[in-house]
Amino acid sequence: MVDTALTSGYREPVPPAGGGADVLTGSGDMRALMRALDWSATPIGPVDRWPQSLRTAVSICLNSRFPILIWWGPELVMIYNDAYRPILGSKHPRSLGMPGRTVWPEIWDTIGPMLASVLERGNATWSDDQWLPLERNGFPEECYFTFSYSPIHAEAGGVGGVFCAVTETTARVIGERRLRLLRELDLRTGDARTIAAVCAAATATLAADPADIPFALAYLLDADGSHARLVSLTGLASGLPASPLHVSLADATDATDATDATATWPLAQVTRTGQPAVVSDLLARFGLLGASSAAQAPHCAVVLPLAQLGQGAPAALLVAGCSPRRPFDDDYLTFLRLVASQVTTAITDARAHEAERQRAEALAELDRAKTAFFSNVSHEFRTPLTLSLAPAADALADTSHPLAAAQRARLEIIHRNNLRLLKLVNTLLDFSRIEAGRMEATYEPADLSALTTELASMFRSAIERAGLRFSVDCPPLPTEVYVDRDMWEKIVLNLLSNALKFTFAGEIAVEMRVRTGTARSGESGGSGELVELVVRDTGVGIAAADLPRLFERFHRVRGTQARTHEGSGIGLALVRELVHLHGGTIQVRSAPGAGTSVIVALPTGMDHLPPDRVRAGRTPRTAELGAAPFVAEALRWLPEQSAVAAWTDLPSAGSQTADDHEQRQHTVATAPGELSRILLVDDNADMRGYLTHLLRERYQVEAVGDGNVALAQARAHVPDLVLADVMMPGLDGFALLRELRADPRMSLVPIILLSARAGEEATAEGLLAGADDYVVKPFSAHELLVRIAARLEIANARREALARARELAGVIEAMPDGVAIFDPAGHIQHMNRAGRLLMGIADDAVAARVFAQTVPDRTRELDMRDQHGELLPPERLPQQRILRGEVLAGGDTVEVQVRTPQGAHVWWSITG
């Protein structure tokens, strides 16, 4: 039938004068097929009647390797080449010579008007990536083509046909679309922080590409993989047979064929194997799945595991429907695997984020528990401390019942160290309150200049006793500053205490000034007046690398010279928090050897403070009580505050014990009438005083407070025993131990370390470092005296043994016979002069050589004889390997005496 819509511009071509069969000659499948076709039965007639324009177009078509199609005549009969055949699919070869409407009815509404336009007006067309749903493989297939329609002009005028050059771009178009989907999937799932959120983001992203994935279901597995829960989906309603909300994997059937219409997705199979499963019978299982016809309904789907990287079992499962308009091939499966891989990566990231979040929550909970513990235990400490401090203070102040000098000295030591403990407890309590958000400040107007001057004056005596200059420049301020007085005391006292601790020469200065600015960088509200407190010293300074961590709790600057190593490590951290509670800032400027300046800036007025914590009036009080623990501790750092002097009038420890006779038996003398000399090293003055008092009646005690001083004293005069604290400024106990052990003169000197670090690990660390003993504080006087006496006795025994060995070596050296002493491995420890001459070896080679290597010439086993010359039976051989030696040239005999571990003498004889 002629398509009248296409004939208005058509002109009947003039047939050629001669035959036209030569156009089909040559090789090729299409030429052979065209030669075999009865063209007379087609609308365009036999080949010999084809016009020249058609023959020319067909010649171009058949000789081209590019897909070319010729539409000819009003019926648009199809003639094509070999390259065009894949486009036809199963419609080849019956499409050859057939009218276009008959071959492509499914797309004729799209291409028919385009062809009519070319025939009528003779204008060429161009289509780029044109979507054409071809039915070339038994189903409507999504296809894309880039093609042009060009007129073939007939000899008689008009357009005789259409020349079509075409290329299929389906793979490229679909590939680019899928690549965009994967990219979008990466972007949208990357921010998810839970597995459920990842699945929801994934299905929402897949919803934008129903051409590739018409529906998707995401199931989240429980911890043991026995149950799956639907967490997100697209393209289907939830709760349908194809989208169950909950699936028990233990009871689920894994059937994947159409015979089991009740089967759902093979979730259990995929969970167990970890491999994708293809379900190809969706119509039998679930029907049309919401589609209007079977042609539009998905026919297959793939269940994919979403396994975490590095783990075998999947965390979730993805059910992805496949497009009914695309063949399910390897490319399709690869694409779905990439989708699953992208989601898996996001799940792995989410799991890592979730683990990190849980870890952070656990740490936060641990921190809260620690803070609560510190807060509670600090409160518990304060009660016994109060009951210890108050009676001690009452006893010291009681003039009606005065204490004896010895008892007063003891009680002053107790009171002073309880004050120090109270200061530490108060610091821990303040810090724990701040961390828990329970620090209740009360801000009231204060003459900050006068208050700071009063606090600084409390430190004047300690600073000047240290030989330092002390200046306070706090002029009256033009306005009052709202502060919590207790907090301000802690700020000033901590800064002054720190300055004294690290300053050995020069001065400490306290200054106060007013400037205009903003307390904290980035604060809104403009600028105003600030009051600055500057505590400046000429101390050891701080390296630039340590400045950023200076206010971290428990952080200590290593290797810095200080008056003491003691301290909690949270003083400066507490200062910073207290300053921040006042809406202020704190800065530090320092350099090694150039001193340190700490600048605290507080805003004036009260607008920056919580209104409910501001009090209008002042509370009269003195700063002396709060400063007492700081000043008392600082005074103990100074060398002239001799701890020994405080114990001078006390009775000796030995005279106060019931087992005084036993204790005195442990006194060890280095020589008749001479007491052993002990070098005592501890940076705590009270501890030095106590230990000196404890040891002075039994031993000569030289007490120093610094590891460097102790090392110099030991090198100048070797002690009999060293008793050293571990934690000290400058050279600590372990460093001092290494230096002493490196000196040959002190290789036999016993060294006992004292430390507050308890536990097996701390003890093992000390002993492995080379210490003879490790004593944990607190310790009993009796225990320490026994340990010291035992170490001195062992040291004396070692010295006596060494002396006897030297005497024996002298005797052996003087013997005319060659004598050697071996270790259990057979190495020569000593050989006398006669033996060395006999063996022909140098003095410095004796200890490093084995006897079997000392004698030249031929080899034989050595006989082993006892002191009577009898051969030893195997069961009496000493615990040494039988050596092999060389017999001396000339038949000489060598006899070597060996002392075995059992104490027997054995002669090894070598005879030529």
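(A) Quick peek at the overall build of the chain. Within the chain, the secondary structure is distributed over 24 helices and 32 strands. Expressed as a percentage of its 912 residues, the buried residues of the chain come to 46%. In the chain, once contacts between residues fewer than 6 apart in sequence are set aside, the share between residues at least 24 apart is 62%. For the chain, the computed accessible surface area is about 43,400 Å², with 53% contributed by carbon and sulfur atoms.

(B) Structural detail: helix 15 (residues 571-581). G571, L572, A573, L574, V575, L578 and V579 are the residues of helix 15 that are buried. In the segment just after helix 15, G583 is the residue with positive phi, at about 75°.

(C) Representation of the packing of helix 12 (residues 448-458) against helix 14 (residues 485-501) within the structure. Relative to each other, helix 12 and helix 14 sit at 45°, their axes nearing to 10 Å. Compared by their axis directions, helix 12 and helix 14 come out oblique. For the pair helix 12 and helix 14, the crossing hand works out as right-handed. Along the contact surface, helix 12 presents L448, L451, T452, L455 and A456, while helix 14 presents R485, W488, E489, V492, L493 and L496. Split into classes, the residues belonging to the contact of helix 12 with helix 14 amount to 8 nonpolar, 1 polar and 2 charged.

(D) Just the nonpolar core, in detail. Ranked by internal contacts, the top residues of the largest apolar core, which has 51 residues, are L448, W488, L495, L496, L533 and V600. It is helix 14 that contributes the most residues to this core, 9 residues altogether. Every residue in contact with L533, bar those within four places of it in the chain, is listed here: T452, W488, V492, L495, V510, E511, M512, V598, I599 and V600. One finds M30, L88, W104 and M114 within the second-largest nonpolar core, a separate group that totals 48 residues.

(E) Representation of helix 2 (residues 52-62) in the model. Of all the positions in helix 2, only S53, L54, R55, A57, V58, C61 and L62 are classed as buried. Against helix 1 (29-36), strand 1 (68-72), strand 2 (77-80), strand 4 (141-153) and strand 5 (159-168) lie the buried residues of helix 2.

(F) Structural context of the pattern of salt bridges. In total, this model carries 31 salt bridges according to the counting rule given. Across the salt bridge formed by E577 and R576, the nearest N and O atoms sit 3.7 Å from each other. Taken together, the salt bridges that share partners define one network made up of E142, R177, R178, D209 and D212.

(G) View of the confidence of the model for the chain. Across the chain, the average pLDDT comes to 78, with 74% of residues at 70 or higher. The low-confidence segment residues 4-10 (pLDDT under 50) makes 20 contacts with residues lying over four places distant or belonging to another chain. Segment residues 652-672: pLDDT under 50, and 38 contacts once partners within four positions in sequence are set aside and those in other chains are kept.

(H) Structural view of the packing of aromatic side chains. Taken as a whole and assessed by the stated rule, the structure comprises 9 aromatic pairs. When the ring of W39 is compared with that of W50, the centres are 5.1 Å apart and the planes differ by 80°; the resulting orientation is edge-to-face. Taken as a pair, W39 in the loop between helix 1 and helix 2 and W50 in the loop between helix 1 and helix 2 lie far apart in primary sequence, 11 residues in all. Neither residue differs from the other here; W39 and W50 are each classed as buried. Note on W71 and Y149: the rings are 6.4 Å apart at their centroids and 85° apart in plane angle, and the pair reads as edge-to-face. In this pair, W71 is assigned in strand 1 and Y149 in strand 4, connecting sequence segments 78 residues apart. Like W71, the residue Y149 is buried in the burial classification.

(I) Region of the structure containing the packing of helix 14 against helix 15. Taken N-terminus to C-terminus, the directions of helix 14 and helix 15 make an angle of 145°; their axes are 9 Å apart at the nearest point. The handedness of the crossing between helix 14 and helix 15 comes out as left-handed. The residues of helix 15 that touch helix 14, namely those facing M487, K490, I491, N494, L495 and N498, are G571, L572, V575, L578, V579 and L581. In terms of residue class, the contact of helix 14 with helix 15 is made up of 8 nonpolar, 3 polar and 1 charged.

(J) Structural context of the side chain of T452. Assignment of secondary structure puts T452 in helix 12. Accessibility expressed as a relative area gives 0% for T452, which makes it buried. At 2.7 Å, the side chain of T452 and the backbone oxygen of L448 are in polar contact. In contact with T452, not counting residues within four places along its chain, are C474, W488, V492, V510, M512 and L533.

(K) Structural detail: the environment of R416. Relative to the assigned elements, R416 resides in helix 11 (residues 405-436). By relative accessible area, R416 is classed as buried at 18%. Linking R416 and A393, residues 23 residues apart in sequence, is a C-alpha distance of 9.9 Å.

(L) Representation of the sheet that holds strand 21 (residues 677-681). Here 5 strands make up an open sheet; going across it, the order is 22-21-23-24-25 and the pairing parallel. A single partner strand is all that each edge strand has here, and the edge strands are strand 22 (700-704) and strand 25 (773-776). Ignoring which end each strand starts from, the neighbouring axes of this sheet average 20° apart. Inspection of the sheet shows strand 24 (residues 751-755) paired to strand 25 by 4 bridges, in the parallel sense. What sits directly across from S755, in strand 25, is V776. Taken strand by strand, helix 20 (residues 707-716) contacts strand 21 and strand 22, and its axis lies near 160° from that of strand 21.

Calculation rules
Residues numbered from 1 in each chain as written. Predicted model: local features only at pLDDT ≥ 70, side-chain atom pairs only at ≥ 80, totals over all residues. Heavy atoms only, no water. Helix = DSSP H or I, 4+ residues; strand = E, 2+ residues; numbered from the N terminus. Buried < 20%, exposed > 50% of the residue type's maximum accessible area, 1.4 Å probe, protein only. Contact = heavy atoms within 4.5 Å. Areas by Shrake-Rupley, 256 points an atom, 1.4 Å probe, with all protein chains shown as cover. Axes fitted to C-alpha atoms, helices over the stretch in contact; angles between N-to-C directions. Parallel < 35°, antiparallel > 145°, perpendicular 65-115°, else oblique. Left-handed = near helix turned anticlockwise from the far one by under 90°. Nonpolar A, V, L, I, M, F, W, Y, C, P; charged D, E, K, R; others polar. Core = buried A, V, L, I, M, F, W, Y, C linked by side-chain atoms within 4.5 Å. Salt bridge = Lys/Arg side-chain N within 4 Å of Asp/Glu carboxyl O. pLDDT = per-residue confidence, 0-100. Phe/Tyr/Trp six-rings, centres within 6.5 Å; stacked < 30°, edge-to-face > 60°. Polar contact = N/O pair within 3.5 Å; in protein donor to acceptor, adjacent residues only side chain to side chain. Pairing = 2+ DSSP bridges.

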